[in-house]
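# Analysis of the macromolecular model
So you can see what is in the structure, the chains are spelled out below.
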Amino acid sequence: MSGEESQFNVQGYNIVTILKRLEAATSRLEDITVFQEEANRQKNVAETSTSKSAHAPSGGNGANETLVSVSSSSSVSPGSSTIQGKETPPEKKKSILAFEQFIHEFVVPFVNTSNQIDSAVGESSKAFADAFVEQTKFLEIVSESKKPDMADPLLGQVLAPMNEKISKINNLKDDNRRSSYFNHLNTLSESGAVFFWIGVETPVSYVSDIKDSAKFWSDRVLKEFKDKDKVNVDWVNQLAQIFDELRNYVKEYHTKGAAWNPNGKPFAQAVEVLNSSTKAGSKDISQGKTSGPPAPPPPPPASFFEESSAPSSNAVSSSEGGMNAVFAQLNQGSNVTSGLKKVDKSEMTHKNPELRKQPPVAPKKPKNLAGHSTHAVPVAAAPKKAPKKELVDGSKWIIQNFTQSDAQTPIVIETENSQSVFIGNCSDVTIQLKGKANAVTISETKKVGVVIDSLISGVEIIKSHKYGLQVMGLVPMISIDQSDEGSIYLSTESIDNDCQIYTSKTTALNVNVPEANNDFKELAVPEQIVSTVKNGVLTSSIVEHAG
């Protein structure tokens, strides 16, 4: 050990490690303080809710109802240590309390701001908040239940109320297309997909992706109201903060999706316990009963420096992991590698040339993918976005998420000179663009056929597979990037006007040109290039294959 490293050690303990332990202990104590303060605030809200509701304006009822629904629907109240008389694992109880605190601190103020903007926006944000409340119930079940069979119909029943709230958000957007706050409603509609993080294996990145999707519409709100009304700017910032705080929560408690309790009760039993506690709480509220003061917070966690005197607890802690187990492994010294398997010389490729001649063995495919240890739920294992065909600001057509089941017949769009068309994430459909448009972009499609009359600018095809493009009139330029197995049918007018086709990272592309007998001649676009250097200059030419 160098002298520079030894100066940070006191009697065998590294000062940096000690400081990290102190910071962790301090963080736990601060969490307990926050939960106690939240419990006190819940009590004050319950005592004053009746008097405030009598004088509150009609526009603010949505936020107050959300506060009450969070308190009454959740069987875990801030500061409590039991659920229906049974002790709850501290880490699970903390995750539920943290989610409720997230709703109170960030979602409820967002509802208040929405009510100040417009009644439709307020109603949509109320449904948005209610979906979080329904998700709280589901997370309570997750914390108490073993992972159920994904085909269990009860799982769909539990998630149905949350899905109803999401559908309500989308319906409000569709019913208020002429509203001056249509961009607000579109923002909330795009944000509704965030609730499916419970069934995604990488929920942290999924929340960020939905935030970016909603940002397309929230940026329009900022552009429209940035210099007019600060409330709308605050509304956008509050929604962005909801995404950020949800991502932080998921990162801490549900890194790989909904964290089911492997030692919990059966799923049906956990659902029954939650339903009975919810009914009891609703009955108390309807009869005007007020609960007593919340129970005191759980005791602070044991110090990292304390060693348990009971042999059984030592055995449990070492088996469960934690800091004691880590230091126990490190203190083994040279014995730390005693558990490793010894590799025989006959198995070493650098000492056995015969092994290097053998082809690599492909990994075995798992027999049952459903048995893989994940936390996905069926509704969000592969969330399918709703198909969209709409004209935005009168200048851009958006055609997204269509499949063969969504469009049995060709999708026909009437276009104008000032309009562009974006086609994305579609599969097994045919799209016909009538009239003369400005430009067309085709992105991430599969087995999609597009028929175009005429364009002012051109067509851009990106990351598409097995696509077809037919030009009826004049298209001056076609650009294809990172796409495979495409067929382009050019018109005589486009050929006479020297239509240019640019390709990059593109394979198996055929260009079909018309012939005299109303047939098409297929011309393959070269894929192989040969390059030579002569006199310091790089010269490239197409490789021609004869025979």
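All figures in this text were calculated on a predicted structure; none of them were measured in a lab.

## With respect to helix α6 (residues 153-175)
Between the first and last C-alpha of α6 there are 31 Å, a value that for 23 residues agrees with the 33 Å anticipated at 1.5 Å per step. Of all the bends in α6, the largest measures some 40 degrees and sits at Ala160, one to four residues before the proline Pro161. Buried within α6 are the following residues: Leu154, Leu155, Val158, Leu159, Met162, Ile166, Ile169, Leu172 and Lys173.

## Describing the side chain of Asp118
Here Asp118 is to be found in the loop between α4 (90-117) and α5 (119-144). Lys168 provides the closest opposite charge to the buried, unpaired Asp118, separated from it by 13 Å. Here the side chain of Asp118 touches Ala120 through a polar contact of 3.0 Å, landing on its backbone nitrogen. Not counting residues within four places of it along the chain, the set of residues in contact with Asp118 comprises Ser179 and Tyr181.

## Quick notes on the environment of Ser124
Take Ser124: it is sitting in helix α5. With 47 residues separating them in the primary sequence, Ser124 and Asn171 have C-alpha atoms 9.2 Å apart. Those residues in contact with Ser124, other than ones at most four positions away along the chain, are Ile169, Leu172, Leu185 and Leu188.

## Section: the nonpolar core
Across soluble globular proteins, nonpolar side chains have a tendency to be buried as a group. Within the largest apolar cluster, 57 residues are counted, with the highest numbers of intra-cluster contacts made by Phe102, Phe128, Phe132, Phe138, Trp197, Leu246 and Tyr249. For this core, the secondary structure elements donating two or more residues are α4, α5, α6, α7 (182-191), α8 (203-225), α9 (230-253) and α10 (267-286). The element contributing the most residues to this core is α4, with 11 residues. Setting aside its immediate chain neighbours within four residues, Tyr249 contacts Ser95, Ala98, Phe99, Leu139, Trp197 and His254. In this structure, Phe402, Ile413, Ile423 and Tyr467 belong to the second largest nonpolar core, which totals 33 residues.

## What about the sheet that holds strand β13 (residues 468-471)?
Strand order across the open sheet formed by 7 strands is β7-β9-β11-β13-β15-β17-β18, with mixed pairing between neighbours. This sheet does not close on itself; its edge strands, each paired only once, are β7 (411-414) and β18 (520-524). Strand-to-strand twist of the sheet, defined as the mean angle between neighbouring strand axes without regard to direction, takes the value 15 degrees. Pairing geometry for β13 and strand β15 (residues 484-489), over 3 bridges, is parallel. Across the sheet, Leu469 pairs through a bridge with Ile488, a residue of β15.

## Some points on the sheet that holds strand β5 (residues 388-392)
Within a sheet, adjacent strands bond to each other through the backbone by hydrogen bonds, running parallel or antiparallel. A sheet is described by the order of its strands in space; here 7 strands give the open sequence β5-β6-β8-β10-β12-β14-β16, paired in mixed fashion. In this open sheet, the two strands that pair with only one neighbour each are β5 and β16 (500-504). For this sheet, the mean angle separating the axes of adjacent strands, direction not counted, is 10 degrees. Sheet topology places strand β8 (residues 420-424) next to strand β10 (residues 439-443); 5 bridges connect them, and they run parallel. Bridge assignment links Gly424 to a residue of β10, and that residue is Ser443.

Each value, and the rule that gives it
- Residues numbered from 1 in each chain as written.
- Predicted model: local features only at pLDDT ≥ 70, side-chain atom pairs only at ≥ 80, totals over all residues.
- Heavy atoms only, no water.
- Helix = DSSP H or I, 4+ residues; strand = E, 2+ residues; numbered from the N terminus.
- Expected span 1.5 Å × (residues − 1).
- Bend = angle between axes of the 7 residues up to and from the residue.
- Buried < 20%, exposed > 50% of the residue type's maximum accessible area, 1.4 Å probe, protein only.
- Lys, Arg positive; Asp, Glu negative; His and termini not counted.
- Salt bridge = Lys/Arg side-chain N within 4 Å of Asp/Glu carboxyl O.
- Polar contact = N/O pair within 3.5 Å; in protein donor to acceptor, adjacent residues only side chain to side chain.
- Contact = heavy atoms within 4.5 Å.
- Core = buried A, V, L, I, M, F, W, Y, C linked by side-chain atoms within 4.5 Å.
- Pairing = 2+ DSSP bridges.
- Axes fitted to C-alpha atoms, helices over the stretch in contact; angles between N-to-C directions.

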